[in-house]
Amino acid sequence: QVQLVESGGGLVQAGGSLRLSCAASGRTFSRYAMGWFRQVPGKEREFVAAISWSSIKYYADSVKGRFTISRDNAKNTVYLQMNSLKPEDTAVYYCAARDDYCSGYGCYDGPYEYDSWGQGTQVTVSS
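Before going into details, it helps to say that this report is about the structure given with it. This is a predicted model, so every value here is computed, not measured. (Residues numbered from 1 in each chain as written. Predicted model: local features only at pLDDT ≥ 70, side-chain atom pairs only at ≥ 80, totals over all residues. Heavy atoms only, no water.)

## Comments concerning the overall build of the chain
Put simply, the rule reads: Runs of H or I in DSSP of at least four residues are treated as helices and runs of E of at least two as strands, each being numbered from the N terminus. Note that the radius of gyration is over C-alpha atoms, with the globule rule given as 2.2 Å times the number of residues to the power 0.38. Under the scheme applied here, a residue whose accessible area is under 20% of the maximum for its type counts as buried, over 50% as exposed, and between as partly exposed, the area being computed with a 1.4 Å probe on protein chains only. Residue contacts are defined here by distance: any two heavy atoms, one from each residue, within 4.5 Å place the two residues in contact. With residues, only the protein chains shown are counted as cover, and all accessible areas are computed by Shrake-Rupley using a 1.4 Å probe. Residues counted as positive are Lys and Arg, residues counted as negative are Asp and Glu, and His and the chain ends are not counted. Here the site of a charge means atom NZ of a Lys, CZ of an Arg, CG of an Asp or CD of a Glu.
Broken down by element type, the chain carries zero helices and eleven strands. In sequence order, the secondary structure elements of the chain are arranged as β-β-β-β-β-β-β-β-β-β-β. The globule rule puts the C-alpha radius of gyration for 127 residues at 14 Å, and the 13 Å found for the chain is close to it. In terms of overall dimensions, the chain has a C-alpha envelope of 40 × 25 × 25 Å along the principal axes. The buried share among the 127 residues of the chain stands at 46%. The long-range share in the chain, meaning contacts at least 24 apart out of those at least 6 apart in sequence, stands at 59%. As presented, the chain carries roughly 6,500 Å² of accessible surface, and 47% of it is formed by carbon and sulfur atoms. Distance between charge centroids for the chain: 7 Å, based on 13 positive and 12 negative side chains.

Right, dumping it as structure tokens:
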């Protein structure tokens, strides 16, 4: 089990940028795959991006080319750089961790694949 705390959410105009951070506790952070999901009221939690223990990156089609996921194992932190933001990006963004080995996009694109979750941070994009 790992504890995750997101930060960096806020209000931004369409076309702007925002960087989310997820700080993790635990000495085995570097062995976890990390993911970002988002959710709006009335909809299921949606996959955004993931990064494996070996730093292979995966993105949802809706954000590819605009968002970048990265990790700094020395700081036990994963980041989501969000550029060219659109109103449809408005959601609560959640950080998640997976502690077992799995290879491929299908290992990371569902919320059921993850073991630990942060509390979420609100991102609101105005038009």
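## Side note on the sheet that holds strand β7 (residues 67–72)
Going by this rule: Any two strands between which DSSP finds at least two bridges are classified as paired. Where helices are involved, their axes are fitted lines through C-alpha atoms of the stretch in contact, as for all axes, and angles between N-to-C directions lie from 0 to 180°.
The strand order across the open sheet built from four strands is β1-β3-β8-β7, with neighbouring strands paired in antiparallel fashion. At either margin of the open sheet sits one strand with a lone partner, and together these are β1 (4–7) and β7. Strand-to-strand twist across the sheet, computed as the mean angle between neighbouring axes with direction ignored, equals 15°.

## Notes on the pattern of salt bridges
Defined as follows: Note on definitions: salt bridges are taken to be side-chain nitrogens of Lys or Arg within 4 Å of carboxyl oxygens of Asp or Glu.
Taken as a whole and assessed by the stated rule, the structure comprises five salt bridges. Across the pair D100 and R98 runs a salt bridge whose closest N-O atoms are separated by 2.9 Å. Among the residues examined, D100 registers a relative accessible area of 40% and is labelled partly exposed. Relative accessible area serves as the criterion here: at 5%, R98 is assigned to the buried category. R98 serves as the salt-bridge partner of E113, at 2.4 Å between the closest nitrogen and oxygen. Placement of E113 in the loop between β9 (91–98) and β10 (116–117) and of R98 in strand β9 is noted, with a sequence separation of 15 residues between them. Because the salt bridges share partners, they merge into one network encompassing R38, E46, R66 and D89.

## Some details on the nonpolar core
Our working definition: The nonpolar core is taken to be a set of buried Ala, Val, Leu, Ile, Met, Phe, Trp, Tyr and Cys residues, with the residues joined through side-chain atoms within 4.5 Å.
M34, W36, L80, M82 and Y93 are the most contacted members of the largest nonpolar core, which has 38 residues in total. Contributing elements (two or more residues each) for this core: β3 (18–24), β4 (33–39), β5 (46–51), β6 (57–59), β7, β8 (77–82), β9 and β11 (121–126).

## Concerning unusual backbone geometry
Despite not being glycine, S55 shows a phi value in the positive range, around 70°. We classify S55 as partly exposed; its relative accessible area is 41%. Of note, the phi angle at S84 is positive, near 50°, even though the residue is not glycine. Along the chain, S84 falls in the loop between β8 and β9. When its relative accessible area of 40% is taken as the criterion, S84 is described as partly exposed.

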